[in-house]
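# Fold and contact review
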Amino acid sequence: MDPSGDAKGDPGIEYHPMDLNTAGGLEMLELTTDCGTAARLRHAIDAAEQVDGSADFDRFVARLRERFPWRFQLHPDVLRRDYLGIVKQHLQNLIPRMQPYMDSGIRRVLDFGCGSGGSSIALALAYPEVRCFGTDIDAAEIEVAKERAALYGVADRCEFFHVDINQELPFAQGSFDLSLCSSVLEYAVQKDARMFCVQQMVRAVSKRGLLFFSVPNRIYPFEIHTGKWGWNYFPRWLGARTVDCGFWEVQRLARPEKLRLYRCALLRLLTPWTSFCLRKGLAD
Ligand SMILES: C[S@@+](CC[C@H](N)C(=O)[O-])C[C@H]1O[C@@H](n2cnc3c(N)ncnc32)[C@H](O)[C@@H]1O
């Protein structure tokens, strides 16, 4: 999608989608979990690094440069972190945060707003028993996701679907053990659009399914991607083009379904980039 029509690529604003989500991912995991889990993740990172250093990767980047020249106007470090090297970025930061929820028989994962596939591919590399189904409103990114999955050798366990905005997901109710939504809700600015996204995820996961979110935190008076003061608190007044989110808002948008926080550290609910897991159903 060309940036001129796309909130996340607003040319008047300098966006740094992932930079606040980089503190203490893998290091935290190494301190808090058993060596086996950390070693498995290290192994996945090594595999991703091998791909990133290959001639196939260089060819992939050359194709991206031809198709999306505007992306290559970003600072090279930002381009590598948030786009070209997004698989490794997610392996180091997102996947360690999801790890506590992945050990309980998770097999089928919905990656809502999967973009160019980085989060699905990272999950598939770290968890060989998992199948990922990514959806996004951006058809061009879905094509990149398919190419990227083949490049990293996980195309047999990662499927990607273009789904128009406000169109129902092409999956039966309760199809997934877990839904992942990474850096998406802040771009669904209108309340109706945001509610539709949440309701779709809620419908797609099983009766006791999990919903994991990684998103800039709406408790802060400035919108975190852009640094705009007031956008989080008075989005309509100020014509905000991105609005952060929080667990309480997801709970509200999911009604009448009741979601409750599941194994969440209080600290993660307060950080500028928050991540949290919610579970469908009330009792344990
Ligand atoms: C910053 S990217 C994140 C991609 C991916 N989740 C990741 O973490 O690498 C945001 C994605 O959200 C998608 N998106 C924005 N609004 C959406 C909506 N209403 N429904 C579904 N996807 C949406 C965009 O097309 C874009 O690919």
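It should be noted that the structure appears before, not after, this text.
Small disclaimer: the values here were computed from a predicted structure and weren't measured.

### A look at the site of the ligand
Gly113, Gly115, Asp138, Ser182 and Tyr187 are the nearest of the 20 residues found near the ligand. For the shell around the ligand, the secondary-structure elements that each account for two or more residues are helix 6 (118-126) and helix 8 (191-204). Classifying every residue of the shell around the ligand by side-chain character gives 10 nonpolar, 6 polar and 4 charged.

### A closer look at the pairing of strand 5 (residues 205-216)
With 9 of its 12 residues buried, strand 5 lies for the most part within the structure. Sheet topology places strand 4 (residues 176-182) next to strand 5; 6 bridges connect them, and they run parallel. By the bridge assignment for strand 5, Leu178 is matched with Leu210. Between strand 4 and its parallel partner strand 5, the chain crosses via helix 8, and the hand of that crossover is right-handed.

### What about the environment of Leu169?
With respect to the element layout, Leu169 can be found in the loop between strand 3 (158-162) and strand 4. Classification of Leu169 as buried rests on a count of 20 C-beta atoms within 10 Å. Residues Leu169 and Phe112, 57 residues apart in the sequence, show an inter-C-alpha distance of 9.3 Å. Setting aside chain neighbours within four positions, we find Leu169 in contact with Thr135, Val163, Gln200 and Ala204.

### Looking at the sheet that holds strand 5
Strand order in this open sheet of 7 strands is 3-2-1-4-5-7-6, and the pairing throughout is mixed. Here the strands that pair on one side only, and so sit at the sheet edges, are strand 3 and strand 6 (259-261). With direction set aside, neighbouring strand axes in the sheet form an average angle of 25°. Where helix 6 meets the sheet, its contacts fall on strand 1 (108-112), strand 2 (131-136), strand 3 and strand 4, and the angle it forms with strand 2 comes to roughly 175°.

### Considering the nonpolar core
The biggest cluster of nonpolar side chains holds 62 residues, and the ones touching the most others in it are Leu125, Met201 and Leu211. What Leu125 contacts, discounting residues up to four positions off in sequence, is Ala44, Ala47, Ala48, Leu91, Tyr152 and Val154.

### Digging into helix 8
In a regular helix each residue adds 1.5 Å, so 14 residues correspond to 20 Å; helix 8 covers 20 Å between its end C-alpha atoms and thus fits that length. Within helix 8, burial applies to Arg194, Cys197, Val198, Met201, Val202 and Ala204. On its buried side, helix 8 packs onto strand 1, strand 4, strand 5, helix 10 (247-253) and strand 7 (273-280).

### Considering the packing of helix 5 (residues 86-102) against helix 6
Two numbers describe how helix 5 lies on helix 6: the axes approach to 8 Å, and their chain directions differ by 70°. Here helix 5 lies roughly perpendicular to helix 6, going by the angle between them. Helix 5 and helix 6 meet at a crossing whose hand is right-handed. In contact with Ile86, Val87, Gln89, His90, Leu91, Leu94 and Ile95 of helix 5, helix 6 contributes Gly118, Ser119, Ile121, Ala122, Leu123, Leu125 and Ala126. Here the contact of helix 5 with helix 6 is built from residues that sort into 10 nonpolar, 4 polar and no charged.

### Observations regarding the environment of Ser206
On the secondary structure map, Ser206 appears in strand 5. We classify Ser206 as partly exposed; it has 15 C-beta atoms within 10 Å. Once residues lying within four places of it in the same chain are set aside, the contact partners of Ser206 are Gly174, Phe176 and Asp177.

Cut-off values and rules
Residues numbered from 1 in each chain as written. Predicted model: local features only at pLDDT ≥ 70, side-chain atom pairs only at ≥ 80, totals over all residues. Near = placed C-beta within 6 Å. Helix = DSSP H or I, 4+ residues; strand = E, 2+ residues; numbered from the N terminus. Nonpolar A, V, L, I, M, F, W, Y, C, P; charged D, E, K, R; others polar. Buried ≥ 20, exposed ≤ 12 C-beta atoms within 10 Å, placed from the backbone. Pairing = 2+ DSSP bridges. Right-handed = clockwise from strand over helix to strand, strands pointing away. Contact = placed C-beta atoms within 7 Å. Axes fitted to C-alpha atoms, helices over the stretch in contact; angles between N-to-C directions. Core = buried A, V, L, I, M, F, W, Y, C linked by C-beta atoms within 7 Å. Expected span 1.5 Å × (residues − 1). Parallel < 35°, antiparallel > 145°, perpendicular 65-115°, else oblique. Left-handed = near helix turned anticlockwise from the far one by under 90°.

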